[in-house]
Amino acid sequence: MQSHEIDYKILGHDVQLVEVELDPGETVIAEAGAMLYMDDDIEYTARMGDGSNPRAGFFDKLLSAGSRLITGESLFLTHFTNRGWGKKKVAFAAPYPGTIIPLNLAQLGGRVIVQKDAFLCAALGTKISITFSRKLGSGFFGGEGFILQQLEGDGNAFVHAGGTVIEKQLNNEVLKVDTGCIVGFEPGIDYSIEQAGNLRSMLFGGEGIFLATLRGTGKVWLQSMPIRKLIAELSPGGGNTRKEARGGLLDSLLER
């Protein structure tokens, strides 16, 4: 199915949103609960499946919905359609502080692989499916896990990331990344998990035991603050808590 041609604007800085403009009859699909506001005459319906295959039967839709449950997402996707006469707008917000990345799938070869919770919304016609890391180490130790999402189509899709987004173009190169900081990559990139140096580096370097290694040619999108790291740092036992405790003790000694 050819994707609908939607216009958009990305608004905000630290906590961004994407405002999509729909012509009459156009549809955008989104994660359940992502909608922030919408104009009158926009009709929304929760459906199993992404709608990329209008001829899909109930079993195919159920299989697609089941694969979404495996990734930890909602069973349903919400379809927003402009039923009015003029242009109408609907906006979607990222679930946590960070950046929204617009992906023109037609310019990216029609396919992009992203982390399993990165998808935000896309033009109707975009196929959302799961793909599996071919290497066992990537599944057990990669921040993305064994299951990744695959976006296919020829329209606009939007994913969100934590913190600042860094886009890199690899040309038959190798890039080593903190596990969990990968948002997505083109299919020409090989993704694996490798040991982070020697035993001393692994135990005391502070970068973890494993690093993600990206090889090949294509675009890679990275995030500076994945949500798992943010939660860990803000938790009662996180690193920032220990820093505050050390700072408080030092302050007490200096006051004496």
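Residues numbered from 1 in each chain as written. Predicted model: local features only at pLDDT ≥ 70, side-chain atom pairs only at ≥ 80, totals over all residues. Heavy atoms only, no water.

Spatially, the four strands line up as an open sheet ordered β1-β2-β7-β4, and their pairing is antiparallel. Whereas interior strands pair on both sides, the edge strands pair on one side only; in this sheet they are β1 (7–11) and β4 (35–38). Adjacent strand axes in the sheet meet at a mean angle of 20 degrees when their direction is disregarded. Relative to strand β2 (residues 17–22), β1 is paired through five bridges, and the arrangement is antiparallel. Each bridged residue has a counterpart across the sheet, and for Leu-11 the counterpart in β2 is Leu-17. (Pairing = 2+ DSSP bridges. Helix = DSSP H or I, 4+ residues; strand = E, 2+ residues; numbered from the N terminus. Axes fitted to C-alpha atoms, helices over the stretch in contact; angles between N-to-C directions.)

Before going further, it helps to examine unusual backbone geometry. Positioned with a positive phi, Asp-41 is a non-glycine residue whose angle comes to about 80 degrees. The residue Asp-41 is located in the loop between β4 and β5 (42–47) in this model. Here the phi dihedral of Asn-172 falls at roughly 55 degrees; this positive angle occurs in a residue that is not glycine. In this structure, Asn-172 sits in strand β14 (residues 165–178). Its relative accessible area of 67% is what places Asn-172 among the exposed residues. (Buried < 20%, exposed > 50% of the residue type's maximum accessible area, 1.4 Å probe, protein only.)

Moving on: the packing of aromatic side chains. Think of a pair of aromatic rings as described by two things: how far the centres are apart, and how the planes are tilted against each other in angle. A complete count under the given rule lists four aromatic pairs for this structure. Ring plane angle 75 degrees and centroid distance 4.9 Å describe the contact between Tyr-8 and Phe-158, whose orientation is recorded as edge-to-face. Taken together, the residues Tyr-8 in strand β1 and Phe-158 in strand β13 (residues 156–162) connect sequence positions 150 residues apart. Residue Tyr-8 is classed as partly exposed on the basis of its relative accessible area of 34%. (Phe/Tyr/Trp six-rings, centres within 6.5 Å; stacked < 30°, edge-to-face > 60°.)

This is a description of form; function is not addressed.
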